[in-house]
Structures are given as C-alpha cells and as structure tokens.
Amino acid sequence: MEWLQHYFNFRIVGNYAEVFLAGIGQTMWISAVCLVLSLIFGTLVALGRLSKNPLIWRPVAGYIQFIRSTPLLIQIYLVYYGLPAVLPIGNLLDEKQTGILALTIHTSPYFAEIIRAGITSVNPGQIEGALSVGMTPRQTLVNVTLPQAVANVMPPMLGQTAVLIKDTSLLSIIAVFELMGAGLKMFSETVIATESYVTTAVCYLMIYAIMLVVSGMLQNKLGGKAWRAN
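Criteria and cut-off values
- Residues numbered from 1 in each chain as written.
- Predicted model: local features only at pLDDT ≥ 70, side-chain atom pairs only at ≥ 80, totals over all residues.
- Heavy atoms only, no water.
- Helix = DSSP H or I, 4+ residues; strand = E, 2+ residues; numbered from the N terminus.
- Buried < 20%, exposed > 50% of the residue type's maximum accessible area, 1.4 Å probe, protein only.
- Contact = heavy atoms within 4.5 Å.
- Areas by Shrake-Rupley, 256 points an atom, 1.4 Å probe, with all protein chains shown as cover.
- Phe/Tyr/Trp six-rings, centres within 6.5 Å; stacked < 30°, edge-to-face > 60°.
- Core = buried A, V, L, I, M, F, W, Y, C linked by side-chain atoms within 4.5 Å.
- Expected span 1.5 Å × (residues − 1).
- Bend = angle between axes of the 7 residues up to and from the residue.
- Polar contact = N/O pair within 3.5 Å; in protein donor to acceptor, adjacent residues only side chain to side chain.

Within the protein, the regular secondary structure consists of 11 helices and zero strands. Its helices and strands taken in sequence order, the protein reads α-α-α-α-α-α-α-α-α-α-α from the N to the C terminus. Projected onto its principal axes, the C-alpha coordinates of the protein cover approximately 70 × 45 × 25 Å. Classification of the 230 residues of the protein by burial places 37% in the buried group. Long-range contacts, defined here as pairs at least 24 residues apart, represent 75% of the contacts in the protein between residues at least 6 apart. As displayed, the protein has an accessible area near 12900 Å², and 67% of this comes from carbon and sulfur atoms.

In structure tokens, the structure reads:
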C-alpha cells in the first residue's frame, strides 16, 4: 500500500471529496432530466419515423441522420452559440439548461431508433386483437404497443442511458459543473493530473457499476420475463 501512496496522493483527493460528491450529484441530476426528456421526445420521433406520410417521416429521418453523423461536441457548440442568435429565448437559458437541451437533442434520436425497433418487434396479431375488441389506435398504442416495445428493448435503452451519463462530461466545455467539472476544478487548483483524472474516472466507474445493478434488476423484471407471448 505504501508504494501506491508514493504515486497517488489520497490526502489531496480526500480534500476534494465534497467537490466530487457534488459533481456526481449534478451528473446524475442532469442525466435524469435528459433521460426523461429524451424518452418523451424520442417516442414522438419514433412515431414520426414510422409515419407513412413522407412530409413527416422524411424530415424526421433527416434529423436522425444529422444527429447521428455529427459529433456531440459540435452539437453542444451549435446550441450554446447558435440558439441565442436564432431565438430570443436562447438568451434566457443558462449554461446548465443549454447543456440539458443539447444533450436531449443529441440523445433523442438514439432512443427513437431503439423505441422504433421495439415497436416493430411487437406481434402484429396483438395490435389487431386490441383493435378488434374496440380499442382505438391511441389506446392500442399506449396500452399494448408501447409497454411491450419498452420491455423488448430494455437492454439497449439501459446501454444508451449509460452513454448519456458519460456524455455529460462534455458539458464542462461550456462551464457546466458536473463530475468532469469537479476533476477539472481539482486539477486547476492543484496541478496534479493523475489524482484529478483518475478520481474522476473511478467516480464514473462507480456510477456505471450502479447502472449494471439496476440494469440487471430491470432486465430480470421486464426484459427476461415479460411478453414471452411474442
């Protein structure tokens, strides 16, 4: 253990424990807000992508392709610098709100494609059966199609959630304080790179480990047992 202390200063890391805890809290809060917004908007995008109207699905497909073919870093800069120039409301958003908006715009197409795959995986016979017993298309979508679609694609959705959590680190480029910002703060004040960035990496690993536990629980409850009839 002494040799490790020679290369890694645990005392300095302990001095910044509260900073890293605050960074973890901000990362989880930003991720949770982006996740909820991305699921809502991603579901709408998925439904638009499945539309048979070319005036709907073509623009939606273009949006998906644009987001998936450009780096998140560029998208953050476009939202951060471009939104205030295009819309007056852009000046009313602070850095954190702008970052959440940028992450939601980036993540929604990925969730949309996952949800779209889940919708198309639902047995058409169940949809026809729901319509035949008097359900409206909207009731069929909400009560039959979407619940099964979510259960079918739970593993990739959890994987994309883990990616979303890691992507929050890029918000530090627009001065949003989160876990990566905590590491940068420690480095700027101590000029000790190893302790700063290794601690940041360990914190992300801890979050990912928690995600694995939650993923396993949800997959056992939904993905592994539900909707076997399909």
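Under the defined criterion, the tally for this structure stands at four aromatic pairs. Between Y80 and Y81 the ring centres are 4.9 Å apart and the planes differ by 80°, which places this aromatic pair in the edge-to-face class. Classification of Y80 by relative accessible area gives partly exposed; the value is 24%. Judged by its relative accessible area of 56%, Y81 is exposed. Measuring from centroid to centroid gives 5.5 Å for F187 and Y197, while their planes differ by 35°, and the two rings are tilted. Here Y197 lies in helix α11 (residues 193-223) and F187 lies in helix α10 (residues 179-190), a separation of 10 residues in the sequence. Three or more aromatic residues joined by ring pairs make a cluster, and in this case those are Y77, Y80 and Y81.

Residues Y16, F20, I24, L179, M186, C203 and I207 are the most contacted members of the largest nonpolar core, which totals 16 residues. Contributions of two or more residues to this core are made by α2 (10-15), α3 (17-50), α9 (154-167), α10 and α11. Residue contributions to this core peak at four residues, all from α11. In contact with C203, other than residues within four places in its own chain, are F20, I24 and L179.

Here we come to helix α6 (residues 95-121). Helical periodicity: at 3.6 residues per turn, an α-helix aligns residues three or four positions apart in one direction. Taking 1.5 Å as the rise per residue, α6 with 27 residues should run 39 Å; its terminal C-alpha atoms sit 39 Å apart, in good agreement. Where α6 bends most, the angle comes to about 30°, and this point is T107, followed within four residues by the proline P109. The opening residue of α6, the one whose side-chain oxygen lies 3.2 Å from the backbone nitrogen of K96, is D94.

Relative to the elements of secondary structure, S108 occurs in helix α6. For S108 and L37, which are 71 residues apart along the polypeptide, the C-alpha to C-alpha distance reads 8.0 Å. Setting aside its immediate chain neighbours within four residues, S108 contacts L37, S38, F41, G42 and Y63. Polar side-chain contacts of S108 include one of 2.7 Å to the backbone oxygen of T104.

In this section: the environment of F8. You can see F8 is positioned in the loop between α1 (2-7) and α2. Exposure remark for F8: the relative accessible area of 13% places this residue in the buried category. When the C-alpha atoms of F8 and T194 are compared, they prove to be 7.4 Å apart, with 186 residues separating the residues in sequence. Beyond its immediate chain neighbours, meaning those up to four positions away, F8 contacts V13, T194, E195, V198 and T199.

What follows concerns unusual backbone geometry. Despite not being glycine, A175 has its phi angle at roughly 65°, a positive value. Position of A175 among the secondary structure elements: in the loop between α9 and α10. Of note in the backbone geometry, V191 takes a positive phi value of approximately 55° without being a glycine. Tracing the chain through its elements places V191 in the loop between α10 and α11.

By themselves, these observations are geometric and do not establish any function.
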